[in-house]
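# Observations on chain architecture
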Amino acid sequence: MRYVAVGDSFTEGVGDEQPDGSVRGWADLVARGIAEATGEPIQYANLAIRGRLLAPIIAEQLEPALALGPTLVSFNGGGNDMLRPGTDLAWISAETERALVRIREAGAEPLLLAGANPTAGLPGGDRVRAKGDELVREARGIAERLGIRFADNWSDAELGGSQYWSPDRLHLAPVGHRRVAANVLRALDLAPPSGWAIEAAPIPRPTRREQLSYARDHVVPWVKRRLTGRSSGDGRAAKLAEWTRVAPTMSPGDSG
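Below you will find a few notes about this structure. (Residues numbered from 1 in each chain as written. Predicted model: local features only at pLDDT ≥ 70, side-chain atom pairs only at ≥ 80, totals over all residues. Heavy atoms only, no water.)

Positionally, glycine 121 belongs in the loop between strand E4 (109–114) and helix H6 (125–146). On the basis of relative accessibility, which here comes to 26%, the residue glycine 121 falls in the partly exposed class. Put simply, glycine 121 and glycine 160 are 39 residues apart on the chain and 8.7 Å apart in space, counted from C-alpha to C-alpha. (Helix = DSSP H or I, 4+ residues; strand = E, 2+ residues; numbered from the N terminus. Buried < 20%, exposed > 50% of the residue type's maximum accessible area, 1.4 Å probe, protein only.)

Written out as structure tokens, the structure is:
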């Protein structure tokens, strides 16, 4: 098994920060889960870069991913496009399908993902949710037409709870990443490691003071980046541009 992931911050693993400052995330966990479920080491690469729109994901990551000679490629993109006004949903769907066809033509198995739904905690979330709902309907249709696997995290209602999201409300918390990883493994007909905690207790609604702090710490900086044309991924390279070996362990899995 040679597994490569492409995408944006969702696939890079933002929100699942480790003590050394690196990020882990669902794709890393899927690689580990595949090794554990099969009992065999796999090769894993992750070309995702936070902040990327769909066009740069395809232009910068797709061919380098295929040049590695993978057997499995997970594909997710369009989440950052969806947050912007005037989203061309038809273009996103068409480009996604084209990318998936290209993956299959290269001899790899494509795995399409819908990201988790963050809109319950976002300002203007209803508008974003409507776009996401339409894109997921299109993604499901693409998967059916092409006969490929589809991990639909958007429709996992449990993942909509605020307990699965990091303080910026845009990126999953560690337990959210584990839940997505479990969804992906099931889409691959593999069982998640039994030690993974993939459920979390609900947390109270934010107070007015907490909402004001959230706007100051997260919404205002996001708006400033949009107005200045900057991205959180500016100057960043692929997370794992070359193969790394992921071997099964003797432990039942990661419960942390």
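Here we take up the pairing of strand E1 (residues 2–6). The two faces of a sheet get side chains in turn, since along a regular strand they alternate between them. Across the 5 residues that make up E1, a large majority, 4, are buried. Inspection of the sheet shows E1 paired to strand E3 (residues 72–75) by 4 bridges, in the parallel sense. Bridging from a neighbouring strand, alanine 5 pairs with serine 74 of E3. (Pairing = 2+ DSSP bridges.)

Looking now at helix H7 (residues 174–187). Between the first and last C-alpha of H7 there are 20 Å, a value that for 14 residues agrees with the 20 Å anticipated at 1.5 Å per step. Of all the 14 residues making up H7, 12 are buried; the element is thus mostly covered by neighbouring parts of the structure. Those residues of H7 lying buried are Val175, Gly176, His177, Arg178, Arg179, Val180, Ala181, Ala182, Asn183, Val184, Leu185 and Ala187. On the buried face of H7, the contacting elements are helix H1 (9–12), helix H2 (26–38), E4 and strand E5 (149–152). Directly beyond the C-terminal end of H7, a positive phi value near 65 degrees is found at aspartate 189. (Expected span 1.5 Å × (residues − 1). Contact = heavy atoms within 4.5 Å.)

Below, the discussion takes up the layout of surface pockets. Of the voids in this model, the second largest pocket is the one considered here, and its volume is about 550 Å³. Taken together, 17 residues line the second largest pocket, and the ones lying closest to its centre are Gly121, Ser162, Arg169, Ile203 and Pro206. The class makeup of the residues in the lining of the second largest pocket is 8 nonpolar, 6 polar and 3 charged. (1 Å grid on protein atoms, 1.4 Å probe; cavity = no way out; pocket = protein on both sides within 12 Å on 5 of 7 lines; lining within 4 Å. Points joined across faces, edges and corners; volume = space filled by probe spheres on them. Nonpolar A, V, L, I, M, F, W, Y, C, P; charged D, E, K, R; others polar.)

Attention shifts here to helix H5 (residues 89–105). Taking 1.5 Å of rise per residue, 17 residues should cover 24 Å, and H5 covers 24 Å from first to last C-alpha, within 8% of that figure. All buried positions along H5 are accounted for by Leu89, Ile92, Ser93, Glu95, Thr96, Ala99, Leu100 and Ile103. Elements in contact with the buried residues of H5: helix H3 (54–67), E3, helix H4 (79–82), E4 and H6. Glycine 107 occupies a position one or two residues after H5 and carries a positive phi of about 95 degrees.

It is worth stressing that arrangement in space is one thing and function is another; only the former is reported here.
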